[in-house]
Amino acid sequence: MAAPTTTETSGKVVIRNVGLMLSGDIDRPILDADTVVVNDGVIVAVGKERDCDTGNARRVIDARGTALAPGLIDSHCHPVFGDWTPRQNQLGWIDSCLHGGVTTMISAGEVHLPGRPKDVVGLKALAITAQRAFEGQRAAGVGGGVKVLAGAPVIEKGMREEDFAELAAAGVKLLGEVGLGSVKAGDEARAMVAWARKYGIQSTIHTGGPSIPGSGLIDADVVLEADADVIGHINGGHTALPYPQVCRLCEQSGRAIEIVHNGNERIGILTARHAMELKCPHRVILGTDAPAGSGVQPLGILRLIALVSSLADIPAEIAFCFATGNTARQRGLRQGLIEVGRPADFVFMDKAQHSAGEDLLDSVRLGDIPGVGMVMIDGIVRCQRSRNTPPATEVPAIVA
Ligand SMILES: [Zn+2]
């Protein structure tokens, strides 16, 4: 279908006949509801159809008994510009991730830009440019309209407090992975993370061994001392810390625990299980860490949900929260929850055809990835049956 620009608004949209409503809220992951009403991109009602005002809708979607979840959030990716990545020289990777149910991506640094500037003036200019460019490309419908939150500078030695104030004033809200630049010592990182926090800029730290030639080791002592908001790829990107160090991070820090697809899968599974045992599953968030040496995985978030659910024995409805409501709360985003007042970013799913599972949640628990039948961003249909997932057993229909 033609790519709509986001300058248009959705008007009133009614989604009815939802078979399973996944809220994204880990404290209440399944809602007793079959209908969602949206007005101009914002959820205005969630409930039973008989209790909702469904009249005079511009668009009506019959979910045909499929599951509705908040659009998935990739907490850790590395965009550069446009829908292109120089890392594997690939075009259209963001649109491909839309077909994997992802509606929001969070940059952990535009690190793959060839010739990326490392001087302070240059890195600030790049961050501001990337923030503007991704805002602008979304409005133009590039990348399927996925919300790419970018402009995440990689901090370097010599930055001062006023640099963070300047970045914040210019609209920068994220730091790229701390540790990918020249700032690798705990005390130095801690001072800069604190300056960033003071001006409302959220931080993520690289955890584990070097990811590609040129990056370095960040161990548990540095992660704890730096105290960034997100323990980025706690399972390594790819090389993980020894598991006892990972446990220390879960136990001694209260920050977000980010598990990524392009990490060590064994440590990812053990970490998810450990977070459940520590009774802090609300801290767990998921990312792909793509594009990377391992490439781009359009289904990376769905694969990770199936992986932690099936191998860490975590109920599938909880695993979906790791990639939606948890990320929203840990990162202060509006999207990621099916709740009145939230942006209408949704993924419609059903169990994949011929999955051994009885229903969607059972299929994920058995390790199968779901079939995506439709993706909406701000109440606008961005794709119908996914070109990337295995075919969903049932897909929603646009009836008006
Ligand atoms: Zn990293």
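Residues numbered from 1 in each chain as written. Predicted model: local features only at pLDDT ≥ 70, side-chain atom pairs only at ≥ 80, totals over all residues.

1. Topic: the nonpolar core
Part 1: With 122 residues, the main nonpolar core has Leu 68, Met 105, Val 178 and Ile 305 as its most contacted residues.
Part 2: Take this core: its biggest share by element is seven residues, from helix 8 (residues 300–311).
Part 3: Counting the residues that make up this core, at least three belong to each of domain 1 (12–70 + 337–398) and domain 2 (72–298).
Part 4: In this structure, Val 178 is in contact with Ile 155, Val 183, Ala 189, Val 193, Ser 203, Thr 204, Ile 205, His 206, Ala 226 and Ala 228, ignoring residues within four places of it in sequence. (Core = buried A, V, L, I, M, F, W, Y, C linked by C-beta atoms within 7 Å. Buried ≥ 20, exposed ≤ 12 C-beta atoms within 10 Å, placed from the backbone. Helix = DSSP H or I, 4+ residues; strand = E, 2+ residues; numbered from the N terminus. Domains from an automatic or database assignment. Contact = placed C-beta atoms within 7 Å.)

2. Things to note about the packing of helix 6 (residues 243–252) against helix 7 (residues 265–277)
Part 1: Relative to each other, helix 6 and helix 7 sit at 35 degrees, their axes nearing to 11 Å. Handedness of the crossing formed by helix 6 with helix 7: right-handed. Two secondary-structure elements touch here, helix 6 through Tyr 243, Val 246, Cys 247 and Cys 250 and helix 7 through Ile 267, Leu 270, Thr 271, His 274 and Ala 275.
Part 2: Across the contact of helix 6 with helix 7, the residue classes tally to seven nonpolar, two polar and no charged. (Axes fitted to C-alpha atoms, helices over the stretch in contact; angles between N-to-C directions. Left-handed = near helix turned anticlockwise from the far one by under 90°. Nonpolar A, V, L, I, M, F, W, Y, C, P; charged D, E, K, R; others polar.)

3. Some thoughts on the domain arrangement of the protein chain
Part 1: As assigned here, the protein chain comprises domain 1 (12–70 + 337–398) and domain 2 (72–298).
Part 2: Placing the centre of domain 1 and that of domain 2 at their C-alpha centroids yields a distance of 29 Å.
Part 3: If you look at the interface, domain 1 gives 12 residues, while domain 2 gives 14 residues.
Part 4: When residues of the side of domain 1 that touches domain 2 are traced back to their parent elements, those giving at least two are strand 18 (371–377) and strand 19 (380–383).
Part 5: Looking at the side of domain 1 that touches domain 2, its residues break down into six nonpolar, three polar and three charged.

4. What to know about the pairing of strand 19
Part 1: Here strand 18 runs beside strand 19; their pairing, made up of three bridges, is antiparallel. Paired with Ile 377 across the two strands is Ile 380, which belongs to strand 19.
Part 2: Linking strand 18 back to strand 19 in an antiparallel pair, the connection comprises two residues, with Asp 378 at a positive phi of about 50 degrees. (Pairing = 2+ DSSP bridges.)

5. With respect to helix 7
Part 1: Over its 13 residues, helix 7 extends 18 Å from the first C-alpha to the last, a length consistent with the 18 Å expected when each residue adds 1.5 Å.
Part 2: Looking at the buried side of helix 7, the elements it contacts are helix 6, strand 15 (256–260), strand 16 (284–287) and helix 8.
Part 3: Count one or two residues on from helix 7 and you reach Lys 279, which has phi positive near 60 degrees. (Expected span 1.5 Å × (residues − 1).)

6. A few points about the sheet that holds strand 16
Part 1: Strand order across the open sheet formed by four strands is 13-14-15-16, with parallel pairing between neighbours. The two strands at the open ends of the sheet, each matched to only one other strand, are strand 13 (204–205) and strand 16.

7. Some details on unusual backbone geometry
Part 1: With an omega of 5 degrees, the peptide bond running from Gly 237 to His 238 counts as cis.
Part 2: Positionally, His 238 belongs in the loop between strand 14 (230–231) and helix 6.
Part 3: Look at the link from Ala 290 to Pro 291: it is a cis peptide, with omega at -15 degrees.
Part 4: The phi dihedral of Asp 378 falls on the positive side, at around 50 degrees, and the residue is not glycine.
Part 5: Take Asp 378: it is sitting in the loop between strand 18 and strand 19.

8. Here we look at the sheet that holds strand 19
Part 1: Read across the open sheet, the six strands follow the order 3-2-7-17-18-19; overall the sheet is mixed. Unpaired on one side and paired on the other, strand 3 (30–31) and strand 19 mark the two borders of the sheet.
Part 2: Sheet topology note: the strand 7 (residues 67–70)/strand 17 (residues 346–350) ladder contains four bridges and is antiparallel. Each residue of the ladder has a partner; that of Ala 67, found in strand 17, is Met 349.

9. Things to note about the environment of Phe 81
Part 1: Along the chain, Phe 81 falls in the loop between strand 8 (72–77) and strand 9 (84–85).
Part 2: C-beta crowding within 10 Å serves as the criterion here: with 15 such atoms nearby, Phe 81 is assigned to the partly exposed category.
Part 3: Spatially, the C-alpha atom of Phe 81 lies 8.2 Å from that of Leu 113, the residues being 32 residues apart in sequence.

10. Considering the environment of Ala 256
Part 1: In this fold, Ala 256 is placed in strand 15.
Part 2: Judged by local crowding, Ala 256 falls into the buried class, with 23 C-beta atoms found within 10 Å.
Part 3: Spatially, the C-alpha atoms of Ala 256 and Ile 234 are 9.6 Å apart, while their sequence positions differ by 22 residues.
Part 4: When residues no more than four places from it in sequence are discounted, the contact partners of Ala 256 are Asp 229, Val 230, Ile 231, Arg 283, Ile 285 and Gln 330.

11. As for helix 8
Part 1: Helix length check: helix 8 (12 residues) gives 16 Å between terminal C-alpha atoms against 16 Å at 1.5 Å per residue, within 8%.
Part 2: Most of helix 8 sits out of view: nine of its 12 residues are buried.
Part 3: Looking at helix 8, one finds that the buried residues are Gly 300, Ile 301, Leu 302, Leu 304, Ile 305, Ala 306, Leu 307, Val 308 and Ser 309.
Part 4: A positive phi of about 55 degrees marks Asp 313, the residue just after helix 8.

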